[in-house]
Amino acid sequence: MTVEAPGKIKLNNRDNRRKVRLTKKQIIIALSIIILAAFLMVSAQLYKHGIILGNDMMFHFNRFYEAYMQIKTGDFNYFQSIFSFDQSGRIVNALYGPDFSYLQGLLMFFTRNWFRYQLLTSFLCFFIAGLAMFSLASKARVHYKFSIFISLLYMSSSMVSHYALSQNMTSWGAAFIPFIYIPAVRVIQDQERPIKPIELALAVTSVGFLHNLTLFLGILSSVPFYIVGFLRTKHKGKMIKDFFIAVFLTILLNINTLIGFLEVSLTNQLVYPKFFDDVLSYTTYFDIGDNNYSSLGMVFSCLMLFQIFYFFVSWKDTSIVERLLTLVGAFFLILSTNFIPWEDISLYTSFVQIIQFPRRFVLIAYIFLLIAFAYTLEKLTKNLNADKKKVMYSFLCMLSFLMIANVNLNILRSAEAWESDTPTSSGNNAPWVTTNDPDELRAGFTSGSYEDAFKVIKKPTPDYLPLLNDMTQEELDEQGGYQMYDEQIVNNSLDVSKTIDEKNRLVLTWKGRENQENILPTIVYTGSQINFNGKNLTSNQLQKTTLGAPIVQSKKGVNKFTIGYKPLVNIKLLMSIKFVTIVSLFIFAFAKIINNFIYFKQK
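This structure is a prediction, so every number in the text was calculated from the model and none was measured. (Residues numbered from 1 in each chain as written. Predicted model: local features only at pLDDT ≥ 70, side-chain atom pairs only at ≥ 80, totals over all residues. Heavy atoms only, no water.)

Quick look at the overall build of the protein chain
Item 1. Each helix and strand counted, the protein chain has 23 helices and ten strands in total.
Item 2. A compact globule built from 603 residues would reach a C-alpha radius of gyration of about 25 Å, and the protein chain, at 26 Å, matches this within 12%.
Item 3. Once the C-alpha set of the protein chain is aligned to its principal axes, its extents read approximately 90 × 55 × 50 Å.
Item 4. A sequence separation of at least 24 residues applies to 76% of the contacts in the protein chain between residues at least 6 apart. (Helix = DSSP H or I, 4+ residues; strand = E, 2+ residues; numbered from the N terminus. Rg over C-alpha atoms; globule rule 2.2 N^0.38 Å. Contact = heavy atoms within 4.5 Å.)

Written out as structure tokens, the structure is:
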């Protein structure tokens, strides 16, 4: 490989690509382009000043509001929802990216209302996706200009833009997952030291702190790289040692998330997100239309298929990195489509229910095939003269702009619903609104008080509730889990007052007119600790509904039901371990920077 000038790199087709350090100017230009692209995509919503009420908005906004209120009041309860989800005490954040939830809660302090919060987080999701993809492409030693091109394409893909359109957390996973593949590429490139433990631990943690399923896909798709890297390296013992150090550091950095998730999920049978029987409707398909959550669209369909077919006809001229990227990317692409008999597979395994949508596999294809396509572009343009290269670069710029404009248009259409007579038409929240007046609904999100939004839309999502009384997930779906949760918790007929005591436990108080049986609007888990009218009880001593709501015998007069949660392992201990690990890594990194500075100064 020879270097002509910044941004102009001649590469051969083998694995001896030499690392080219980007200049500060190149980095600034790349970041500026990514920031501009992210702004252009969300600008339609900014100008329309409309909130997009997407499918997953109410569930996740409840999560983040919980974190916000706990930070605001200082009433911390790691497991129970004591402010959100109708103060039901249900466990959500401990099972679903607790660290990320608290980070989002902090952002809510700066934005002060739902519109600014949604706008800021959508922008950040796009920006981080572009930054992560550019970082991965640079690590993979892709040509500078092509690195920017595929970063813009990735930002504009449906896997990333679905957060702005529907508040889907898979998009946040998509924004961070390219970081996981930076250590995977290193394993192939650096045979002397395939694994840097801290780098690998931080990469895995960057995804693990927000979305478990995306982390699973990231690890699964990285396995071939580590197998090949292990076979190629001469320092197998050191690679194994560094790998286990990385695993240990990752566990320490995510110890609260891991222990919290394992404890609740292993001691309770939980309700998982709804599984759709017509699973083939939720696969990826090729077409020549727009790129959306199910369709690859013309650009990505042509790009991915071209890369796969070109790869096979030029197999001998490809490097190991290209082969891994293309083969693994093609595998996950096929896995996401209806070429796989998913409906038949779902009859024999519950794995499909965990994945929920097979189209989620296409995330890996977007990343891997884009990087591989960038390699192909390098080879195809290597011998072109300057004028022809200008034509090629202009074409790529045009393609990037069209994809960005398409996202802008989709966001514009969704934002326009806000000022219509049906503000919920951009999502599926319509059945759960508490008012038929669109102005009153809009006021719930623009009043300046975050909690007012949960008064105008009360979506009873039963995900991660305990599933009891020998009921299966299929039976719950048939009988209507949403309706059960709505009747038992959200719109419970019992007039209950809910407060928080000095131990940050949920306290339910109500007046009983006579001795009668009542279903309380709260959720009991195996680890719940209860005090009912002065008597301490365990979960097993209570009768409960299918979704964990306690059934109690009220007395005449004032009744008091206090519910807390006692984990098997003290959460303060886990957070202390995490904090010490983070501080230690900062000290180690700082010491290394100082050491390098002294070394180069002496040199």
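Continuing now.
Description of the sheet that holds strand 7 (residues 535–538)
Sheets are built from strands paired through backbone hydrogen bonds, the pairs being either parallel or antiparallel.
Item 1. Taken in spatial order, the five strands of this open sheet run 3-4-10-6-7, and their pairing is antiparallel. Because the sheet does not close on itself, it has two edges, and the strands there are strand 3 (497–500) and strand 7. With direction set aside, neighbouring strand axes in the sheet form an average angle of 25 degrees.
Item 2. Taken together, the five bridges between strand 6 (residues 528–532) and strand 10 (residues 557–565) define a ladder with antiparallel strand orientation. From the neighbouring strand, Ser528 faces strand 10, where its bridge partner is Tyr565. (Pairing = 2+ DSSP bridges. Axes fitted to C-alpha atoms, helices over the stretch in contact; angles between N-to-C directions.)

Quick notes on helix 12 (residues 255–267)
Item 1. For helix 12, built from 13 residues, the straight-helix expectation of 18 Å at 1.5 Å per residue is met to within 8% by its first-to-last C-alpha distance of 18 Å.
Item 2. Considered for burial, the residues of helix 12 that qualify are Ile255, Asn256, Thr257, Gly260, Glu263, Val264 and Ser265. (Expected span 1.5 Å × (residues − 1). Buried < 20%, exposed > 50% of the residue type's maximum accessible area, 1.4 Å probe, protein only.)

Re the sheet that holds strand 9 (residues 550–554)
Item 1. With antiparallel pairing, three strands are arranged side by side in an open sheet as 5-9-8. Across the chains shown, the open sheet's two edge strands, defined by having one partner strand only, are strand 5 (516–519) and strand 8 (543–544).

Some points on the confidence of the model for the protein chain
Item 1. Residue-level pLDDT values for the protein chain average 91, and 95% of them are 70 or greater.
Item 2. Low confidence marks residues 1–14, where pLDDT is under 50. Its contacts with residues over four positions away, or in another chain, come to 33 contacts. (pLDDT = per-residue confidence, 0-100.)

A closer look at a negative patch on the surface
Item 1. On the surface, Asp470, Glu474, Glu475, Asp477 and Glu478 cluster together into a negatively charged patch.
Item 2. Residue class for Asp477 comes out partly exposed when judged on its relative accessible area of 30%. (Patch = residues over 30% accessible without salt bridge, like charges linked within 9 Å, V, L, I, M, F, W, Y side chains within 5 Å. Areas by Shrake-Rupley, 256 points an atom, 1.4 Å probe, with all protein chains shown as cover. Salt bridge = Lys/Arg side-chain N within 4 Å of Asp/Glu carboxyl O. Lys, Arg positive; Asp, Glu negative; His and termini not counted. Charge placed at Lys NZ, Arg CZ, Asp CG, Glu CD.)

Describing the pattern of salt bridges
Pairing between side chains becomes possible if they bear opposite charge and their charged atoms approach one another.
Item 1. Counting across every chain of the model gives nine salt bridges.
Item 2. Taking the shortest distance from any N to any O, the salt bridge between Lys578 and Asp99 comes out at 2.6 Å. Linking Lys578 in helix 23 (residues 571–602) with Asp99 in helix 3 (residues 98–111), this pair joins segments that are 479 residues apart in sequence. Accessibility assignment for this pair places Lys578 and Asp99 in one class, buried.
Item 3. One salt bridge in this structure joins Asp439 and Arg442, with 2.7 Å as the shortest N-O distance. With Asp439 and Arg442 both in helix 19 (residues 438–446), this residue pair falls three residues apart, about one helical turn.
Item 4. With a relative accessible area of 11%, Arg442 lands in the buried category.

Looking at the nonpolar core
Item 1. Counting residues in each nonpolar core, the largest one holds 160 residues, and the members touching the most others are Trp114, Phe126, Tyr154, Ile371 and Phe445.
Item 2. Sequence-distant contacts of Tyr154, that is, excluding residues within four places in its chain, are made with Ala129, Met133, Val160, Ala174, Ile177, Pro178, Leu363, Tyr366, Ile367 and Leu370. (Core = buried A, V, L, I, M, F, W, Y, C linked by side-chain atoms within 4.5 Å.)

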